[in-house]
Amino acid sequence: MGLDGEAAKDYRAPGRSALSSGVLTGVSLAVISLAGAAGAAILSHEVAKGPETDGFFAAYGVYLVLVLVASAFRFVVLPALTRAQGRGELAAQLLRSAVAFGTIAVPALVVALVFPDAVASALTHDADAQHAAAHALVWLLPAAVAQLYAGLAASALAARDSYVTAAVGFALGALAGVALFAALVADHGAPALAWGLALNGAVALGIPLVRLATAGSLGRAVGWAEGLGREAAQLGRGIALPVAAQALVVVASRLASGVGTGAQTTFSYAFIISSVFVTVSAGALSLVSSAPLTRGGVDRERAVAHIGAASWLSLALVALGTGLVAVVGSSVAGVALGTSFSGGSGVELAHVVVALTPWAVAYVAFSVAYPLTFVVGHTGRLPVLGLAVVVAALPLEWIGREAHGLVGLALGLAVATTLLLLGVLALVVGGATVAVLREIAVAAVVIGGIALVAFGGPSLVLAPWPAALVGALLFCGVLAVVPPPPLRRALAYVHALR
């Protein structure tokens, strides 16, 4: 599977390479992730692990659902915006999408302003945690709505092959948010992080909006209301699987609260760490490849090649990050997150991050396969698939928790996410699903094996920090000097994608 050098040339077109755009977007996502990590570290130092942080992270899970919806909407609208740009009707499609987004934005704002206590009572069982969650929801849901429309503005720019402004806007928003949080957390505790996220959303939305307003004509806006109902229905189908994917995490977080006080916080931190590795790799590649794939067209052969190539590249970064956490995660946790995560708590956090590796493998493949459903137009069954997987996840994650606590919960989440992946592959590549799964499995085993040897060997004879450094050098050196042939072909494919 994958593309050789000649096949890669078939997908080459004028414009910025998906590899360079992906690196740019990945850097922006890395800045966002680092800012988020800094915020989490500050919160852990200033506010001890307990009901207040449990409540905040319960509300934060809902925020993440909507932010994930925002990311999903980018994939849904990018093909339509790209085609509209080609017809000279970008303004009409942009306005149509903005109004359709209101089907999510308006209910979210109503919930934040009218029903925060009711939602909080469903998110966590502790009374003090419920109070903290309700207060956070008032700020987090409007912040998520801002991110929703920021994603739309970024998609409109991407349809015009412009990625820099949105990348800068999202990165600056994240930095501004964490700066505000750092300035206020000492006096106001966890609520200050919600305020910072609200500022983050405002900046992330404002910068691309200014760029759109000054970028020249967006084409015709006449007839924007035509097909509005169809657009809203398409968006509804489009968010089904991302919402389902995040619902799996919300369910896991809720089940983690039953393990003990602070367990929900531990699981949330572990998930944030693991998801960073996926976001800056597969997330970035997915965002920048939708427009080129829409313009060039996608058949089954190209879909198979794309999923395989993106998975190989993404899993390399996932393996590097997970290897570092496995070796020095427990040491870093105590320093970065404070005394609440020193000693046994830090070790538990590192164990949960490593246990989330199967979830990361499944979610990498899901992240790169899911956007193709909108490129090829196979979206009708997405809501049914999402609902079925969420229902199946409840017993899976509960059994995992009962068997092995937070580690078992992470494995249950991986199984449920794999069900989502299987459904998406069936829609996108049909009979080639087994071949794609085989390619993903080979990538996971080969890349994971290199990481295991590179980090495991030094950790047996060296202290954690020297072992982490030597392991990272060995891992990167092997992939740079003698990369597995599928990884080399994957790099050529993404470089040729424009």
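Please refer to the structure placed before this passage.
Residues numbered from 1 in each chain as written. Predicted model: local features only at pLDDT ≥ 70, side-chain atom pairs only at ≥ 80, totals over all residues. Heavy atoms only, no water.

Student: Is there a simple way to think about the overall build of the chain in this case?
Tutor: When you go through the chain residue by residue, the secondary structure sums to 19 helices and zero strands. When burial is assessed residue by residue, the chain has 55% of its 498 residues classed as buried. Restricting the contact set of the chain to residue pairs at least 6 apart, pairs at least 24 apart contribute 84%. If you sum the accessible surface of the chain, you get close to 18900 Å²; carbon and sulfur atoms cover 69% of it. (Helix = DSSP H or I, 4+ residues; strand = E, 2+ residues; numbered from the N terminus. Buried < 20%, exposed > 50% of the residue type's maximum accessible area, 1.4 Å probe, protein only. Contact = heavy atoms within 4.5 Å. Areas by Shrake-Rupley, 256 points an atom, 1.4 Å probe, with all protein chains shown as cover.)

Student: Just checking my understanding: could you explain the packing of helix 13 (residues 344-355) against helix 16 (residues 382-428) for this structure?
Tutor: Between two packed helices, both the angle of their axes relative to each other and the distance between the axes serve to describe the pair. At a minimum axis distance of 8 Å, the contact between helix 13 and helix 16 shows a crossing angle of 20 degrees. In terms of orientation, helix 13 lies roughly parallel with respect to helix 16. In terms of crossing hand, the pair formed by helix 13 and helix 16 is right-handed. Touching Glu348, His351, Val352 and Ala355 of helix 13 are Leu406, Val407, Ala410 and Leu411, all from helix 16. (Axes fitted to C-alpha atoms, helices over the stretch in contact; angles between N-to-C directions. Parallel < 35°, antiparallel > 145°, perpendicular 65-115°, else oblique. Left-handed = near helix turned anticlockwise from the far one by under 90°.)

Student: I'm lost on the pattern of salt bridges in this one. Help?
Tutor: When the charged atoms of two side chains lie near each other, side chains of opposite charge can form a pair. The final tally for this structure, using the stated rule, is two salt bridges. The shortest N-O distance in the salt bridge between Arg87 and Glu89 comes to 3.2 Å. Residue class for Arg87 comes out partly exposed when judged on its relative accessible area of 45%. The partner of Arg401 in a salt bridge is Glu402, with the nearest N and O atoms 2.7 Å apart. The exposure class assigned to Arg401 is buried, which follows from its relative accessible area of 16%. Judged by relative accessible area, which is 46%, Glu402 ranks as partly exposed. (Salt bridge = Lys/Arg side-chain N within 4 Å of Asp/Glu carboxyl O.)

Student: Even after reading the chapter, I still don't get the environment of Val407, so can you show me in this structure?
Tutor: Within the fold, Val407 resides in helix 16. Under the relative-accessibility criterion, Val407 is labelled partly exposed at 30%. In sequence terms Val407 and Glu348 are 59 residues apart; their C-alpha atoms lie 8.7 Å from each other.

Student: Explain helix 9 (residues 228-238) here, please?
Tutor: Each turn of an α-helix holds 3.6 residues, which means side chains three or four residues apart point in the same direction. Buried within helix 9 we find Glu231, Leu235 and Gly238. The arc that holds every buried residue of helix 9, seen down its axis, measures 60 degrees, which confines them to one face. Exposed side of helix 9, more than 90 degrees from the buried face: Gly229 and Arg230 are the residues found there. For helix 9, the elements touching its buried residues are helix 3 (51-87), helix 4 (90-114), helix 10 (240-256) and helix 15 (372-376). (Arc of directions from axis to C-beta.)

Student: Help me understand the nonpolar core in this model?
Tutor: One broad rule of soluble globular proteins: the nonpolar side chains tend to lie buried together. If you look at the biggest cluster of nonpolar residues, it comprises 146 residues, and the most contacted ones within it are Phe56, Trp359, Phe366, Tyr370, Val429 and Phe475. Among the elements that take part in this core, helix 3 stands out by supplying 17 residues, more than any other. When neighbours within four sequence positions are excluded, Phe475 is seen to be in contact with Ala316, Ala319, Leu320, Ile447, Ile450, Ala451, Ala454 and Phe455. (Core = buried A, V, L, I, M, F, W, Y, C linked by side-chain atoms within 4.5 Å.)

Student: Which parts of the structure should I look at to understand the packing of aromatic side chains?
Tutor: Aromatic ring pairs are defined here through the distance separating the ring centres and the angle between the ring planes. Taken as a whole, this structure holds seven aromatic pairs when the rule is applied. Their ring planes at 55 degrees and their centres at 4.9 Å tell us that Phe271 and Trp359 sit as a pair that is tilted. Of this pair, Phe271 sits in helix 11 (residues 263-296) while Trp359 sits in helix 14 (residues 357-369); the two residues are 88 residues apart in sequence, bridging distant segments of the chain. Here Phe271 and Trp359 have matching classes, each one buried. Taking the centre distance of 5.5 Å and the plane angle of 20 degrees together, the rings of Phe366 and Tyr370 count as stacked. In this structure, Phe366 and Tyr370 share a single accessibility class: buried. Counting every residue linked through ring pairs, the aromatic cluster contains Phe271, Trp359, Tyr363, Phe366 and Tyr370. (Phe/Tyr/Trp six-rings, centres within 6.5 Å; stacked < 30°, edge-to-face > 60°.)

Student: Hey, could you run me through the environment of Ala112 in this one?
Tutor: In this fold, Ala112 is placed in helix 4. Between the C-alpha atoms of Ala112 and Leu140, which are 28 residues apart in sequence, the distance is 8.1 Å. For Ala112, the residues in contact, after removing those within four places along its chain, are Leu137, Val138, Leu141 and Pro142.

Student: Any chance you could explain a nonpolar patch on the surface here in plain terms?
Tutor: A surface patch of nonpolar side chains, about 650 Å² in accessible area, is lined by Val106, Val110, Leu113, Val114, Phe115, Val138 and Trp139. Elements with a minimum of two residues in the nonpolar patch: helix 4 and helix 6 (127-159). With respect to the helices, strands and loops of the structure, Phe115 is situated in the loop between helix 4 and helix 5 (116-123). (Patch = residues over 30% accessible without salt bridge, like charges linked within 9 Å, V, L, I, M, F, W, Y side chains within 5 Å.)

Student: What's the story with helix 19 (residues 485-496) in this structure? I'm lost.
Tutor: Its twelve residues place the ends of helix 19 17 Å apart at the C-alpha level, agreeing with the 16 Å of an ideal helix rising 1.5 Å per residue. Of all the positions in helix 19, only Pro486, Leu487, Ala490, Tyr493, Val494 and Ala496 are classed as buried. (Expected span 1.5 Å × (residues − 1).)

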